[in-house]
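Breakdown of the fold
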Amino acid sequence: MSESVDPYELRARLHRIMAGRLRVAAAQHDMAASAVMATKSLKGFTDAWNASVAREVAEHPDLAELNVQMHGFYGVGPVRPDEEPTP
């Protein structure tokens, strides 16, 4: 005949399985937290980059004048044909 399973061993095995599932969930949440922090860092980088570009344009009147001339020549609307507004 087959031996009966010790209920304590069965319960311990179930707890180990649940612990493994929780470790997977914890790893997924840790990865999501890392992605959030990476997004924050990239946003800070783009803000600094845009501020740097704006400061550079402001410090060099030649670039600011060129920018005004380009807006006057090309307009401030869409640049590529696929960006054209539809009527």
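Scroll up to find the structure this text is about.
Reference entry: report on the structure contained in this document. Please read these numbers as outputs of a predicted model, since none were measured by experiment. (Residues numbered from 1 in each chain as written. Predicted model: local features only at pLDDT ≥ 70, side-chain atom pairs only at ≥ 80, totals over all residues. Heavy atoms only, no water.)

Some words on the overall build of the protein chain
So the rule is basically this: We count a stretch as a helix when DSSP gives it H or I for four or more residues in a row; a strand needs E for two or more, and each element gets its number in order from the N terminus. Residue exposure (1.4 Å probe, protein chains only): buried if accessible area is under 20% of the type maximum, exposed if over 50%, otherwise partly exposed. All accessible areas in this document rest on Shrake-Rupley with a 1.4 Å probe, and a residue is counted as covered only by the protein chains that are shown.
A tally of regular secondary structure across the protein chain gives two helices and zero strands. Counting only residues that meet the buried cut, the protein chain has 0% of its 87 residues in that class. For the protein chain, the computed accessible surface area is about 8400 Å², with 64% contributed by carbon and sulfur atoms.

Let's talk about a nonpolar patch on the surface
Basically, it comes down to this: Candidates for patches are residues over 30% relative accessible area with no salt bridge; among them, like charges are joined within 9 Å and nonpolar side chains (Val, Leu, Ile, Met, Phe, Trp, Tyr) within 5 Å. In what follows, salt bridge is the name for a side-chain nitrogen of Lys or Arg lying within 4 Å of a carboxyl oxygen of Asp or Glu.
A cluster of nonpolar side chains, namely Leu63, Leu66, Met70, Phe73 and Tyr74, defines an oily patch on the protein surface of about 560 Å² accessible area. Along the chain, the position of Met70 falls in helix H2 (residues 61–74).

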